Structure formats: structure tokens, C-alpha cells
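Topology and contacts: notes
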Amino acid sequence: MALPITEILTQAAEPFDVPDSASIDALLQRISSARVVLLGEATHGSSEFYRMRARITRELIEHHGFDLVAVEADWPDAQRIDTYVRHLDSPPPAWQAFARFPTWMWRNAEVHDFVQWLRAFNSSRPDASQRVGFHGLDLYSMYSSMSAVLEYLEGVDPDIATLARKRYGCLSPWGEEPADYGAAVLTGQWQSCETDVLSMLKDLLAKRLDYQQQQQDGLRFLDAVQNARVVADSEQYYRAMYYGRAESWNLRDSHMFETLRALLDFRGAGSKAVVWEHNSHIGDATATEMSAHGETNVGELCRREFGDDAALVGFGTDHGTVAAADDWDGPMSVKQVRPAISGSYERLCHETKLGAFALQLRGRNGFNGDGPQLGALRSALAKPRLERAIGVIYRPETERQSHYFSASLPQQFDEYIWLDETNAVTPLPTKPIAGLPDTYPFGV
């Protein structure tokens with residue numbers, strides 16, 4: 001007689017207490033051999049998800065040679081953190097990091113604590129190139145990325161800077177509302193800037209050797225090139241928004257994957273990365289209804305590129321509170337997360353009555369655990385069920401329609417972290433924090 005699913009789940013679970021002191025040796029043994037470990041989250045505003053990702057990341061950095069943290073944040077903003085944690089000498093720009101919606105996603109106490117730890121960890125490494133980096137993968141920073149490219153070129157090649165200013169001038173009127181640029185091009189009210197921004201990226205790449213020899217600073221060139229890529233890809237993204245969700249989604253996730261790959265290439269063959277993104281980005285899209293809609297994501301692209309050298313770790317919760325907004329660009333509030341609905345993976349996990357656990361879903365690189373038990377678990381969970389995704393917007397009044405989708409959990413992730421009750425992150429103010437230097441990423 002077959003065991004009930006909840007009993008199979010309970011037997012396979014690896015319980016732990018709170019994220020900060022969780023016993024995760026078995027999980028680390030399974031994922032630490034990967035070149036890329038992707039850590040998800042089921043919301044963009046739950047403290048325990050951030051703290052658990054920080055806990056796992058600290059272990060991977062301290063004991064397993066991971067030298068790069070890449071997150072679902074804009075490149076220029078994350079570079080402020082990179083400069084801080086790696087003790088680099090760079091003047092702060094005249095804009096606030098993580099000041100656009102949703103500010104709480106990265107400007108929060110949980111990220112602050114991890115950033116402080118990473119800065120302290122790096123302080124013992126005299127060579128800046130060997131310090132652990134912190135970088136953003138996203139493409140929403142078109143205007144600040146243009147400014148960064150211009151600032152770099154003014155220092156190395158004023159003539160090319162003048163050309164760049166002219167080319168980027170095509171996008172300048174839309175700096176504050178880039179989505180309006182896409183609408184204007186679609187309706188014929190504005191010409192496409194595609195040729196200009198792509199030409200700028202190509203010219204910058206063609207000058208790689210000259211600029212690197214002149215500055216003797218590969219990181220600054222990488223920063224300039226990546227900002228130029230952000231401008232080029234975001235220009236395309238804002239036009240694609242009006243042609244359908246799949247095209248714009250795929251452009252964004254492809255950009256994030258290519259940025260990750262560029263960072264790994266820059267750090268060298270032995271580099272290893274930890275990625276922090278939402279489950280919807282780091283779970284394999286082919287195991288969800290996204291695939292039927294023609295959508296890909298970072299997780300699928302990583303599995304295709306790295307195979308078993310990519311470890312995909314999903315996160316889930318049943319109830320608690322979350323930092324989220326009602327609408328895009330709306331104010332953040334702390335909302336009650338409704339208990340998971342019947343027919344969902346979250347309901348199954350909640351019915352184990354375990355407060356928190358790790359769960360191996362797939363064997364990688366010979367780590368198959370208890371073969372028969374893992375096989376029984378995968379069989380029990382293989383049939384697609386509902387899975388919840390809460391982003392920066394949470395609408396509990398339309399919970400089923402707005403936040404659930406169909407997926408096969410053991411195909412989507414290699415590992416799963418369950419935290420039955422979670423609480424909202426603690427947002428930090430956008431004003432300067434007393435006692436911290438102006439270069440501190442959250443302080444200006």
C-alpha cells in the first residue's frame with residue numbers, strides 16, 4: 001500500500017530551526033560542487049528567504065570557493081555594493097542606489113547585514129581581484145547606465161564620449177519613463193534608437209585593448225561594457241513590452257543569464273557564482289506553464305549551459321507577512337500572506353507540520369541520497385500542481401488568479417527550502433544613515 005504524499009514528504013525532509021543557525025551540511029554537500037548555485041524566493045519581501053540565502057551563501061563563500069554573488073538588481077546600483085564590499089577606491093555617483101520602486105527589495109536590513117558580513121570577509125584579502133564580488137543582473141537602469149558609460153568615456157576617450165552623448169541623446173527624453181519610449185516607437189511618434197545604442201556597444205568592445213592598457217583596470221572596462229549592454233538590451237526590452245509578455249520576459253532573462261556568464265568569464269575558469277533571484281527566474285521554465293507560453297528563464301538557460309554544474313534551489317512558504325505593494329510604483333505595505341490553497345505544493349508542505357526543512361528533489365553529480373526514497377518522493381511530487389509566486393505586488397483578494405501557476409516541483413528545482421511561516425523584510429530609509437560613510441551603498 002502506497003504511503004500518503006505528506007508522509008513521503010515528511011520522511012524525506014531535512015528539518016532545521018531558524019535560517020541564521022540552520023544545520024545545512026547535507027544541503028551544502030549536494031550543491032557546493034556546482035559552478036553556479038541559484039537561490040530563489042517565493043516573494044520579493046520575506047525576511048526568512050533573504051536570511052536563508054545569506055546563510056547558504058556565507059557557507060559557499062567561506063568553505064567552497066564561491067567568489068561571486070549575482071542578484072536580481074540593476075547593474076549600477078549593485079556596483080555601489082560591489083565597490084563597498086571589495087574596499088575599492090571609487091567616488092560615489094550623484095544618485096541614490098536602490099531608490100526606485102521597489103526600494104525594499106534590496107534596501108533592507110537583511111541585505112544590509114549580508115553586505116556588512118561580505119565587506120568584513122573581504123578585508124582579509126589584500127588583492128582586490130580576489131575579493132568576492134557583488135553584481136546586479138537586471139536591465140531596468142537605462143538612464144543611469146547611460147550616465148555611467150559617458151562618465152567612463154570622458155576619462156579614457158573624450159572624442160568617443162562626444163559621439164556617445166550624441167547617440168544616447170536619442171533616448172534622453174525618456175530617461176525618467178523608459179516604458180513611454182517603447183510606446184512612442186510603436187505608434188510612430190519617435191524613431192527607434194536601436195542602431196545608435198548597438199553601435200555604441202560595438203565601438204566600446206572594439207576599443208577593449210586600448211582602454212584596458214590605458215587604464216590598467218579590467219573591472220572599470222567591464223563596468224562600462226556592461227552598462228552599455230544594459231542600455232542596448234533595455235532599449236530592445238521597452239520596445240518588446242508592447243508586443244507581448246513572452247518576448248519582453250525572454251529578453252530580460254536572457255540578459256540576466258548573459259550578464260552572469262560575462263561575470264564568470266571575467267573572473268576566470270575557476271570562478272563560482274551564487275545567484276539570488278525569484279523562483280520564477282531560477283526554477284527551470286520547462287517544468288512550468290511558462291514553457292507553454294513560450295517563456296524561458298535563467299534557470300532553464302543555466303541548466304542548458306552548465307548541466308549538473310548548476311544547482312537550482314527553490315523556496316516556499318505557507319503564511320505570515322510580506323512587504324509588497326498593491327500596484328506597480330505604489331507604496332509598500334506589510335500584508336498578510338494567506339495560507340496556501342488546496343491542490344498546491346505549499347499546502348502539501350504545510351501539512352507535514354514541520355516549521356522549516358530542506359528537501360532534495362533531484363540527484364546531481366552522484367548525490368542521489370537514499371535512492372529509493374528520492375525516487376518515491378519524485379514520483380509522488382511529479383504530477384503538476386499549483387505553486388505560488390508573490391512578486392513586488394501582492395493581491396490576496398485575487399490570490400488564485402494572480403499568484404498561482406502550474407509546475408512540476410521535482411523537475412523545476414534540484415532542492416527546495418520550506419519555511420512554513422515567514423515575515424516581512426525590514427526596509428531601510430532612503431535618507432543617509434547616521435555614522436556611515438558617504439560611500440556606503442545604502443547611505444546616499
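A short tour of the structure in this document, coming up.

Each value, and the rule that gives it
Residues numbered from 1 in each chain as written. Predicted model: local features only at pLDDT ≥ 70, side-chain atom pairs only at ≥ 80, totals over all residues. Heavy atoms only, no water. Helix = DSSP H or I, 4+ residues; strand = E, 2+ residues; numbered from the N terminus. Rg over C-alpha atoms; globule rule 2.2 N^0.38 Å. Buried < 20%, exposed > 50% of the residue type's maximum accessible area, 1.4 Å probe, protein only. Areas by Shrake-Rupley, 256 points an atom, 1.4 Å probe, with all protein chains shown as cover. Lys, Arg positive; Asp, Glu negative; His and termini not counted. Charge placed at Lys NZ, Arg CZ, Asp CG, Glu CD. Patch = residues over 30% accessible without salt bridge, like charges linked within 9 Å, V, L, I, M, F, W, Y side chains within 5 Å. Salt bridge = Lys/Arg side-chain N within 4 Å of Asp/Glu carboxyl O. Contact = heavy atoms within 4.5 Å. Polar contact = N/O pair within 3.5 Å; in protein donor to acceptor, adjacent residues only side chain to side chain. Pairing = 2+ DSSP bridges. Expected span 1.5 Å × (residues − 1). Axes fitted to C-alpha atoms, helices over the stretch in contact; angles between N-to-C directions. Left-handed = near helix turned anticlockwise from the far one by under 90°. Nonpolar A, V, L, I, M, F, W, Y, C, P; charged D, E, K, R; others polar.

Helices and strands together make up the secondary structure of the chain, namely 18 helices and 13 strands. A compact globule built from 444 residues would reach a C-alpha radius of gyration of about 22 Å, and the chain, at 22 Å, matches this within 12%. Seen through its C-alpha atoms, the chain measures out along the principal axes to roughly 75 × 55 × 45 Å. Out of the 444 residues belonging to the chain, those deemed buried represent 56%. Accessible surface, the chain: about 18,100 Å² in total, of which carbon and sulfur atoms supply 50%. Side-chain charges of the chain comprise 42 positive and 61 negative groups, with the mean position of each set lying 1 Å from the other.

Turning to a nonpolar patch on the surface, a few remarks are in order. On the surface, Leu186, Met241, Tyr242 and Tyr243 cluster together to form a nonpolar patch covering roughly 400 Å² of accessible area. Within the secondary structure, Tyr243 is located in the loop between α11 (218-240) and α12 (245-267). For Tyr243, a relative accessible area of 56% corresponds to the exposed category.

With respect to the helices and strands, Val337 occurs in strand β8 (residues 332-337). Take Val337: its relative accessible area is 5%, and that puts it in the buried class. Setting aside residues up to four positions removed in sequence, Val337 forms contacts with Asp318, His319, Gly320, Thr321, Val322, Arg388, Ile390 and Tyr394.

Another aspect to go through is the side chain of His278. In this fold, His278 is placed in the loop between β5 (273-276) and α13 (279-282). Of note is the side chain of His278, whose polar atom sits 3.1 Å from the backbone nitrogen of Ser280. Side-chain polar atoms of His278 contact the backbone oxygen of Ile390, separated by 3.0 Å. Excluding anything up to four places from it in sequence, His278 contacts Gly40, Glu41, Ala42, Thr43, His44, Glu72, Ala389, Ile390 and Gly391.

All right, on to the sheet that holds β8 then. Across the sheet, which stays open at both edges, the three strands sit in the order β8-β7-β13 with mixed pairing between neighbours. What marks the edges here is a single partner per strand, and that holds for β8 and β13 (421-422). Sheet topology note: the strand β7 (residues 319-325)/β8 ladder contains six bridges and is antiparallel. When the sheet's bridge partners are listed, Ala323 is paired in β8 with Val334.

Moving on, we come to α11. With 23 residues, α11 should cover 33 Å at 1.5 Å per step; its first-to-last C-alpha distance of 32 Å lies within 8% of that length. For α11, the buried fraction is high: 17 of the 23 residues fall into the buried class.

Below, the discussion takes up the packing of helix α6 (residues 142-156) against α11. How two helices pack is summed up by the angle between their axes together with the distance between the axes. At a closest axis distance of 8 Å, the pairing of α6 and α11 adopts a crossing angle of 145 degrees. The two elements α6 and α11 cross, and the hand of that crossing is left-handed. On the side of α6, the interface is formed by Met142, Ser145, Met146, Ala148, Val149 and Tyr152, while α11 contributes Arg220, Phe221, Ala224, Asn227, Ala228, Val230, Val231, Ser234, Glu235 and Tyr238. The residue makeup of the contact of α6 with α11, split by class, is 11 nonpolar, three polar and two charged.

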